[in-house]
Amino acid sequence: MRTLAFPYTDAMARPVCCYTFTSDLNDSWQDLTRRYTREPKQLPYRDLTLALRYVSRDYATIRKDPGSAGSLLLTRKKLDPDILSRLFAAFERALAARYGKPFDDILATQLRDLRPRTVKIANHLQAGGNAPAWVYDVATWHAIELLKGKFKLPNGEHIVLRPDTDGNLVAFDHPLPEQHPRGEQGIHYISCTPMTLPGYPGILLNLDAHISATTGWPGNARSLWIAPDDAGLLLTSSQTYDRVRNINLVTGMLPELTDSFAIDGVPTEFTAADLRDAKPRIRARHATTPDRHPIAAGPGRKFLETLLEHATARLGTESLTLDDSKIRNLDAPSATGNDPADTLSTAILAAAHPLQLSVVYTDDIQRARAATAITDLLDIASGTLTTSTATLLNGSLTVTFTSAPAAALIDPGPADRRTDLIADICQHVAPDARHIALLDTSRQQAAKGPDTDDPKHQIRQALAARGTVSQFLDTASAPAPDKTDHPARAALRDLLRAAGLTATTPTRAFAKPFTAHQPCIVVGISSHERQRPARRTVSLAALVTDGSTAPWQLLGYHPDAHGWNELPNAIAAHHATVLTRFDHRDAEARASHARDYAERALHQLRARFDDLPIVIYLDTSERFPVWPGLPNNNLASTEPGRLPHLALPNRHNIAVIRVGTSTGRKLPQPVRDLVARQGTDPALVPGSTKLYHLPGSTADVYYLVNRSRSDQAKDFGVRPGHRMTRFEVTSDENALRTPWHAMTCTEFVVLEHGSFSREQLAALSARLCGHPLSWDGRTSLPAPVHLAVQILNDHPDRNINSSAMSGPHAQTSRPRRI
């Protein structure tokens, strides 16, 4: 499998100019900081850095000096001292004007005599992740210098890639479609991300391609690309609306700092007409993903291959190639996600508790959708669910239908508006029954109020407090009359999964290279930092098999559920209380508390199941790991406290695997399979869903390459992306409006083998993605990790700021939906 990860070469390792601020200059800089930081806001040093890049037309940054308390100014090219002092004077003047202070010209006079020293970064690039952060940036900008300019498309035409101040390469002058009356276009851009891989020598540069939807309406804009001239560096900035003056402003000091260095100046404000100009100087990027836009997301597999060829030629080196692991039979045999109706019904019949399903609906259409999903998935005769209550599957399943007014069910408002509805739903639940609820929701209605008034969150939390897990079906998701109602089926499957009912059996997960299906516990731990406010979440779920053909036993952990308990009890305990208690102001303290929480859970699990083999999957962010032995530069450390299994008894049969996706980690971007089927179109870029391993690594690293279901479907809007770029689509509007998904990958790093071989753990990891418990197709994470993540993602408080929960009348505003 070819990827877009390139090793840094000598051509990218050229020297850098380093300006060291003198002690007097450092003192002046600190004085400036003290003068203007009485407010809890940082000074706009980012604007100064971006302005430096524009002025130098290249890379520049200001960093702390690792050898002292001072600062370093780093550039790839030597700067004219007069230009440097002029820019810093403009920065100080703008600060003084912003805060109503006199301009003293402190910095500029001390910068005129500053001289750079040359720093060679070639040696740093082999440091394997221990190099200073600026080294990555400098090497990346060396690569940008090589990659920018003409980019040849498969049809022989060229587009021009222009660097922006964030380090992307942007096809700014080549929107699709070329003209649009409302400025609704798509701009291709390429991101350049330095990264390291586990056990792999040196640093890699990973490229990826994206499409940014633009808008001609300032109210829809999130950020801006500004072109001060026709061919040079692009400025990146945010925008805001000044209600008093009724104008749209470019935020920050960037326009003021760069205006005098641009021949035509840099605009400080803009209008809709500026965005819709035939050749605009400003392009505004959509704040949200629009439902209907001329260009959908994703440049397509063919564009990525073209980028691979372009980068290979310009960088003068081959990209990273992943080797086929030869491990097969990764996916469930059923095309519907291994949930055939007979086995799902069998799981309900075999459950320890009878199941009581409450369907709460607003109109007959929603009632019919729920009833059809139930009869189809459980292979029950249609027309069975015509009464308000029905008992099915020999008494193992009772379904009740309750009609509710929109004001109580889907309209935003105070939580006490749901009180009577919750009581009505739960009043007839049998004492020994497992109660679950499928309810209507409306994202469109919920958007009319603040997050704290979202009825979905309120109802889910109220039901969880009564021990009931819930799932919601959006009224806007109803398909056309002749189409299969996939949203309703998915909601019901997910609800049954939350109830601990799944038709997925573990037997096939233990196929070759395993010699036999053996008893074991598979644990998923997910812990990530969340911002605004800063807090750390942690969730644990487990799958247990006794070695028989019975479905997985699903467990979850929460202290309010008395530790490890049946999954629905753990989910209800999570959702009935706050999202997390780990909100200490110090990030290290938050990580330490989460680590103690997870290790306590693992100790309980080990005590409960004695000496059963355990496989622990760890999903934690690259920047904020819970255990110190997870980062690439300290991988699999055996010092006490570095990994979770080191504190457990009988750790001889405990395996530990770090798992990650591109949403939380820097991973290589797959481009094309090296093996194409005979007789295929030469223009076709072959895809893959195989398991690969990383050659040349001292660690056991595997990558499961994934394709989305729409990419694998025979959709005529998707298939052109396998053979051509969007620039070559001439008249097929459906193809342009259809998302073209690239291949993605999931990374498995085996940190401890336990009683398994590395091939067995790789196969189990991939099959736990390919044998989902209730979802269609694959999941991007192994099943126990996916369960743990889903518990957090479904939490009622996930998107609510903690300040909004501090009082009964506190509210937080919801971002405006366009």
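What counts as what
- Residues numbered from 1 in each chain as written.
- Predicted model: local features only at pLDDT ≥ 70, side-chain atom pairs only at ≥ 80, totals over all residues.
- Heavy atoms only, no water.
- Pairing = 2+ DSSP bridges.
- Helix = DSSP H or I, 4+ residues; strand = E, 2+ residues; numbered from the N terminus.
- Axes fitted to C-alpha atoms, helices over the stretch in contact; angles between N-to-C directions.
- Contact = heavy atoms within 4.5 Å.
- Phe/Tyr/Trp six-rings, centres within 6.5 Å; stacked < 30°, edge-to-face > 60°.
- Buried < 20%, exposed > 50% of the residue type's maximum accessible area, 1.4 Å probe, protein only.
- Expected span 1.5 Å × (residues − 1).
- Salt bridge = Lys/Arg side-chain N within 4 Å of Asp/Glu carboxyl O.

Caption draft 1: Molecular detail of the sheet that holds strand E4 (residues 60-64). With antiparallel pairing, the four strands of this open sheet are ordered in space as E4-E5-E3-E6. Two strands close off the open sheet at either side, each with one partner strand: E4 and strand E6 (117-119). Ignoring which end each strand starts from, the neighbouring axes of this sheet average 35° apart. The sheet contact formed by strand E3 (residues 16-20) and strand E5 (residues 71-75) spans four bridges and is antiparallel. Residue Cys18 lies in a different strand from E5, and its bridge partner there is Leu74. Sheet strands in contact with helix H2 (residues 45-56) are E4 and E5, and its direction is about 140° off that of E4.

Caption draft 2: Local environment of the packing of aromatic side chains. Scanning the model with the defined rule gives ten aromatic pairs in all. When the centroid spacing of 5.4 Å and the interplanar angle of 80° are considered together, the rings of Tyr557 and Tyr597 count as edge-to-face. Here the residue Tyr557 occupies a position in strand E25 (residues 553-558), and Tyr597 occupies one in helix H17 (residues 587-609), the gap between them amounting to 40 residues. Comparing Tyr557 with Tyr597, the two get one shared label, buried. Arranged with centres 5.6 Å apart and planes meeting at 75°, the rings of Phe582 and Tyr597 form a pair that is edge-to-face.

Caption draft 3: Local environment of the side chain of His574. Considering the arrangement of structural elements, one finds His574 in helix H16 (residues 567-575). His574 sits in the buried class, given a relative accessible area of 3%. What His574 contacts, discounting residues up to four positions off in sequence, is Val538, Ser539, Tyr557, His558, Ile791 and His795.

Caption draft 4: Representation of the sheet that holds strand E28 (residues 654-660) in the model. Read from one edge to the other, the open sheet built from ten strands follows the order E17-E30-E31-E32-E28-E27-E23-E24-E25-E26, with strand pairing classed as mixed. Each edge of the open sheet is held by one strand with a lone partner, namely strand E17 (323-324) and strand E26 (563-566). Note that E25 and E26 share four bridges and pair antiparallel. Its bridge partner being in E26, Gly556 is matched across the sheet by Asn565. Across the sheet, H16 lies against strand E24 (535-545), E25 and E26, angled at about 25° from E25, the strand it touches most.

Caption draft 5: How the structure looks around helix H20 (residues 758-770). Taking 1.5 Å of rise per residue, 13 residues should cover 18 Å, and H20 covers 18 Å from first to last C-alpha, within 8% of that figure. Across the 13 residues that make up H20, a large majority, eleven, are buried. Of all the residues in H20, the buried ones are Gln760, Leu761, Ala762, Ala763, Leu764, Ser765, Ala766, Arg767, Leu768, Cys769 and Gly770.

Caption draft 6: The pattern of salt bridges, seen in detail. Counted according to the given criterion, the structure contains 29 salt bridges. The salt bridge involving Arg162 is made with Asp229; its shortest N-O contact spans 3.6 Å. Residue Arg162 is located in strand E8 (residues 158-163), and its partner Asp229 is located in the loop between strand E12 (221-226) and strand E13 (235-242); the two are separated by 67 residues in the primary sequence. Arg672 serves as the salt-bridge partner of Glu305, at 2.0 Å between the closest nitrogen and oxygen. Of this pair, Glu305 sits in helix H8 (residues 301-315) while Arg672 sits in strand E29 (residues 670-672), and the two are 367 residues apart along the sequence. A residue is classified by how much of its surface remains accessible, and Glu305, at 8% relative accessible area, is buried. By sharing partners, the salt bridges in this structure join Asp58, Arg76, Lys77, Glu145 and Lys148 into a single network.

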